[in-house]
Amino acid sequence: MTASGIVDNVIQEADGDYHLRLALDSQYSNLTNAGNQHQYNDLVVEIICALPITQSDAVSACQNYTNNITIPSINDHITVTGPYVLDTNHYNWAEIHPVYTLAIS
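Now for a look at the structure at hand. Note that the structure is predicted; figures quoted are calculated from it, not measured.

1. Re the overall build of the protein
Logical step 1: Each helix and strand in the protein was counted, giving zero helices and seven strands.
Logical step 2: Listed by position from the N terminus, the elements making up the protein come as β-β-β-β-β-β-β.
Logical step 3: What you see for the protein is a C-alpha radius of gyration of 13 Å, in line with the 13 Å of a compact globule of 105 residues.
Logical step 4: For the C-alpha atoms alone, the extent of the protein along its principal axes is close to 35 × 30 × 20 Å.
Logical step 5: The burial tally for the protein puts 40% of its 105 residues in the buried class.
Logical step 6: For the protein, long-range pairs separated by at least 24 residues make up 60% of all intrachain contacts whose partners lie at least 6 apart in sequence.
Logical step 7: For the protein, the accessible area works out to roughly 5,700 Å², and carbon and sulfur atoms hold 47% of it.

So, in structure tokens, the structure goes:
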């Protein structure tokens, strides 16, 4: 799935991922669901294995993986591509996880 929008927040997670909140451009507004209200109605975007991991059960998931995704800043307009999934551990909110490509425009 590909989507674009403005980055509302960039959060560093203990599992080594960056958790972005993306305010979607209007043509992608159908990608969020009721669960995304817990993310200020933004789409969650996860850039995996980009940080030092401090969560022990996440270490093995990033072994032998090199992340080359550019980390955007708040207010950047980005286009991301990756699997569109529902996070069943977090209110079934919609995510692009993991990000395969990210372009800042």
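2. Topic: the side chain of Asn67
Logical step 1: Relative to the helices and strands, Asn67 is located in the loop between β3 (43–47) and β4 (77–81).
Logical step 2: From its side chain, Asn67 meets the backbone oxygen of Ile48 in a polar contact 2.4 Å long.
Logical step 3: Reaching out from Asn67, the side chain makes a polar contact with the backbone nitrogen of Ile69 at a distance of 2.6 Å.
Logical step 4: Here Asn67 is in contact with Ile47, Ile48, Cys49 and Ala50, once residues within four sequence places are set aside.

3. A word on the environment of Leu51
Logical step 1: By the element assignment, Leu51 lies in the loop between β3 and β4.
Logical step 2: Judged by its relative accessible area of 15%, Leu51 is buried.
Logical step 3: Considering only alpha carbons, one finds Leu51 and Leu102, 51 residues apart in sequence, at a separation of 17 Å.
Logical step 4: Setting aside its immediate chain neighbours within four residues, Leu51 contacts Gln12, Glu13, Gly16, Asp17 and Tyr18.

4. What to know about the nonpolar core
Logical step 1: Of all hydrophobic cores here, the largest spans 18 residues; its most connected members are Leu22, Leu43 and Leu102.
Logical step 2: Elements with a contribution of two residues or more to this core: β1 (2–12), β2 (18–24), β3, β4 and β6 (93–96).
Logical step 3: Excluding anything up to four places from it in sequence, Leu22 contacts Ser4, Gly5, Ile6, Val7, Asp42, Leu43, Val45, Ile78 and Val80.

Definitions and limits used
- Residues numbered from 1 in each chain as written.
- Predicted model: local features only at pLDDT ≥ 70, side-chain atom pairs only at ≥ 80, totals over all residues.
- Heavy atoms only, no water.
- Helix = DSSP H or I, 4+ residues; strand = E, 2+ residues; numbered from the N terminus.
- Rg over C-alpha atoms; globule rule 2.2 N^0.38 Å.
- Buried < 20%, exposed > 50% of the residue type's maximum accessible area, 1.4 Å probe, protein only.
- Contact = heavy atoms within 4.5 Å.
- Areas by Shrake-Rupley, 256 points an atom, 1.4 Å probe, with all protein chains shown as cover.
- Polar contact = N/O pair within 3.5 Å; in protein donor to acceptor, adjacent residues only side chain to side chain.
- Core = buried A, V, L, I, M, F, W, Y, C linked by side-chain atoms within 4.5 Å.

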